[in-house]
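# Analysis of the macromolecular model
Here are the chains, one letter per residue:
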Amino acid sequence: MSTKNGVDVAQLGHAVDAITDDSTVGQFRFRAETEWTDGLQCVTTIDDFDQAGERIHTREFTIEGDEPEQILGTRTAPNAVELLLAALGSCLSVGYAANAAAMGIDLEELRFDLEGDVDLRGFLGISEDVRAGYSSVTCTVHVDADATPEELDELRDRVETTSPLLDTIANAVPVETDVVAVREA
């Protein structure tokens, strides 16, 4: 078994081959359930997902959410826009580790500094000229690797063109919402 950066390169190759041979193997549906708890707090539960139409039950995870005191929360947990930055950092970390392994690059250190700018006038409906979400996001990648600058540029290009979260953030994705009344008025 050959591993690089903790990634089983042979297994990565087998996964690529399996999805190349049968595209349904690479089709996933992920889900999360968020429940409001009190004030501006909530808890999200993540458990199962579908792969190729089959329900896969895994370990359950919970993620708490809250707001800073300056936004009427109690700061018991990160807020949603901070969690989005964390999710992007996590996605990029996976992309760098896997792609570096596939390229034969040894990583010694990998860290992402992410920042995003939000103007609450959009969220609070004060101004129609201000976005409700991030107006910009910046990411600085700190990498210590046995790679030339050209190889690091290629690694970055591979990661950025294949990152599901970067793609989702950078491109409009249709979102459909439904409201189900639990109690009729």
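Residues numbered from 1 in each chain as written. Predicted model: local features only at pLDDT ≥ 70, side-chain atom pairs only at ≥ 80, totals over all residues. Heavy atoms only, no water.

With an unreviewed UniProt entry as reference, the chain is termed OsmC family protein, source organism Natronoglomus mannanivorans.

### A closer look at the sheet that holds strand β6 (residues 49-51)
Judged by pairing direction, the sheet is antiparallel, and its three strands sit side by side in the order β3-β6-β7 without closing on themselves. Strands at the two margins of the open sheet, each flanked by one partner only, are β3 (28-30) and β7 (54-56). Each strand axis lies, on average, 25° off the axis of its neighbour in the sheet, ignoring direction. One ladder, built from three bridges, connects β3 with β6; its direction is antiparallel. Paired with F30 across the bridge in β6 is F49. (Pairing = 2+ DSSP bridges. Helix = DSSP H or I, 4+ residues; strand = E, 2+ residues; numbered from the N terminus. Axes fitted to C-alpha atoms, helices over the stretch in contact; angles between N-to-C directions.)

### What to know about the sheet that holds strand β8 (residues 61-65)
Strand order in the open sheet formed by three strands is β4-β5-β8, and the pairing between neighbours is antiparallel. The open sheet terminates on both sides in strands that have one partner only, identified here as β4 (33-38) and β8. Across the sheet, the mean angle separating the axes of adjacent strands is 25° when strand polarity is ignored. As defined by bridge partners, β4 adjoins strand β5 (residues 41-46) across five bridges and the pair is classed as antiparallel. Bridge pairing in β5 places E33 opposite T45.

### Some thoughts on the pairing of β5
Following β4, the chain reverses through two residues before pairing antiparallel with β5; G39 in that reversal takes a positive phi of roughly 55°. Sheet analysis places β5 next to β8, joined by five bridges and oriented antiparallel. When the sheet's bridge partners are listed, T44 is paired in β8 with I63.

### Topic: helix α2 (residues 80-103)
Across its 24 residues, α2 extends 34 Å between first and last C-alpha, which sits within 8% of the 34 Å expected from 1.5 Å per residue. Within the sequence span of α2, burial applies to L85, L88, G89, C91, L92, G95, Y96, A97, N99, A100 and A101. N-cap assignment for α2: the residue whose side-chain oxygen lies 3.3 Å from the backbone N of V81 is N79. Just past α2, the residue G104 takes up positive phi, approximately 80°. (Expected span 1.5 Å × (residues − 1). Buried < 20%, exposed > 50% of the residue type's maximum accessible area, 1.4 Å probe, protein only. Polar contact = N/O pair within 3.5 Å; in protein donor to acceptor, adjacent residues only side chain to side chain.)

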